[in-house]
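Structural overview
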Amino acid sequence: MGQNSSKTSCLFCNIITGDVDANIIFHNKDVIAFTDINPQAPVHALIIPQRHIESINELEDTDKEIVGKLFLAARDIAKQEGFSQPGYRVAMNCNAAAGQTVFHIHLHLLAGRELGWPPG
Ligand code: AMP
Ligand code: ZN
């Protein structure tokens, strides 16, 4: 949920509440994952905490568990969708220089093609 029960301006909080449609591929009580609307690979999902956190900079020391759960969801989705092998990439952008455009933390999960390094 968002910070409170009233309408929120956060796009991803609105996906969590169902006010904005998304193709949800995974969810549990702490995180949800849905297909990116502008996919950069054959598989491109966004894994987000159900609780609103703006960016990595706003993480608290007490958020260790939820951060870990984003990665565990990536592991589980890879297994569910069958791309644990050959592999995949997870990435999280923080603020403008890295290209963050939605200020509710999200782990990008990319798979289904060769992924170059370094990324752009
Ligand atoms: P970032 O640039 O790291 O903040 O990533 C934001 C991502 O959200 C981009 O890859 C967008 O394509 C994606 N995105 C924006 N709006 C939506 C939406 N309504 N549903 C799904 N993905 C979205
Ligand atoms: Zn939010």
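Above this text is the structure in question.
The rules behind each value
Residues numbered from 1 in each chain as written. Chains lettered and ligands numbered in written order. Predicted model: local features only at pLDDT ≥ 70, side-chain atom pairs only at ≥ 80, totals over all residues. Heavy atoms only, no water. Donors = N, O, S within 2.8 Å, 3.2 Å for Na, K, Ca; no water. Tetrahedral: all angles 85-135°; square planar, octahedral: opposite > 155°, others 65-115°. Helix = DSSP H or I, 4+ residues; strand = E, 2+ residues; numbered from the N terminus. Buried < 20%, exposed > 50% of the residue type's maximum accessible area, 1.4 Å probe, protein only. 1 Å grid on protein atoms, 1.4 Å probe; cavity = no way out; pocket = protein on both sides within 12 Å on 5 of 7 lines; lining within 4 Å. Points joined across faces, edges and corners; volume = space filled by probe spheres on them. Nonpolar A, V, L, I, M, F, W, Y, C, P; charged D, E, K, R; others polar. Contact = heavy atoms within 4.5 Å. Patch = residues over 30% accessible without salt bridge, like charges linked within 9 Å, V, L, I, M, F, W, Y side chains within 5 Å. Areas by Shrake-Rupley, 256 points an atom, 1.4 Å probe, with all protein chains shown as cover. Salt bridge = Lys/Arg side-chain N within 4 Å of Asp/Glu carboxyl O. Lys, Arg positive; Asp, Glu negative; His and termini not counted. Charge placed at Lys NZ, Arg CZ, Asp CG, Glu CD. Near = heavy atom within 4 Å. Polar contact = N/O pair within 3.5 Å; in protein donor to acceptor, adjacent residues only side chain to side chain. Sits in = over half its atoms within 2 Å of the grid points.

1. A closer look at the coordination of the zinc ion (ligand 2)
Looking at the zinc ion (ligand 2), one finds its protein donor set to be Cys10 (SG), Cys13 (SG), His52 (ND1) and His104 (ND1), positioned 2.0 to 2.3 Å from the metal centre. Taken together, the 4 donor atoms coordinating the zinc ion (ligand 2) span angles of 107 to 116 degrees at the metal, a pattern that classifies the geometry as tetrahedral. Mapped onto the polypeptide sequence, the residues donating to the zinc ion (ligand 2) form the spacing pattern C-x2-C-x38-H-x51-H. Of the two residues, cysteine 10 sits in the segment before helix 1 (11-17) while histidine 104 sits in the loop between strand 4 (89-91) and strand 5 (107-111), which places them 94 residues apart along the sequence. For cysteine 10, a relative accessible area of 10% puts it in the buried group.

2. As for the environment of glycine 18
Summarising the element assignment, glycine 18 is placed in the loop between helix 1 and strand 1 (24-27). On the basis of relative accessibility, which here comes to 47%, the residue glycine 18 falls in the partly exposed class. Sequence spacing of glycine 18 and asparagine 93 is 75 residues, and the spatial spacing of their C-alpha atoms is 24 Å.

3. Digging into the layout of surface pockets
Of the volumes computed, that of the largest pocket is approximately 710 Å³. In terms of lining, the largest pocket is formed by 31 residues, of which the most central are Asp36, Gln40, His44, Leu46 and His108. At the level of elements, helix 1, strand 2 (31-35), strand 3 (43-49), strand 4 and strand 5 are the ones that each hand at least two residues to the lining of the largest pocket. Partitioning the lining of the largest pocket into residue classes produces 15 nonpolar, 12 polar and 4 charged.

4. Looking at the environment of phenylalanine 83
For phenylalanine 83, the position within the fold is in the loop between helix 2 (64-81) and strand 4. Given a relative accessible area of 8%, phenylalanine 83 falls into the buried group. In the structure, phenylalanine 83 is positioned 28 residues away from alanine 111 in sequence and 7.2 Å away in space, judged by C-alpha atoms. Residues in contact with phenylalanine 83, not counting those within four places in the same chain, are Val43, Ile77, Ala78, Tyr88, Leu109 and Ala111.

5. Details of a negative patch on the surface
There is a patch of like negative charges on the surface, built from Glu54, Glu58, Glu60 and Asp61. Mapped onto the elements, glutamate 60 comes out in the loop between strand 3 and helix 2. For glutamate 60, a relative accessible area of 53% gives the class exposed.

6. Considerations on the site of ligand 1
Around ligand 1 there are 15 residues in total, and Asp36, Asn93, Gly99, Thr101 and His108 lie nearest to it. One nitrogen or oxygen atom from the main chain of glycine 99 is found 2.8 Å from an oxygen atom belonging to ligand 1. One of the side-chain nitrogen or oxygen atoms of histidine 108 is found 2.8 Å away from an oxygen atom of ligand 1. In the complex, the protein chains occlude 83% of the 500 Å² of accessible area that ligand 1 would expose alone. The pocket occupied by ligand 1, as judged from atoms lying within 2 Å of grid points, is the largest pocket. Looking at the shell around ligand 1, the elements with two or more residues in it are helix 1 and strand 2. Here the residues of the shell around ligand 1 are counted per class, giving 6 nonpolar, 8 polar and 1 charged.

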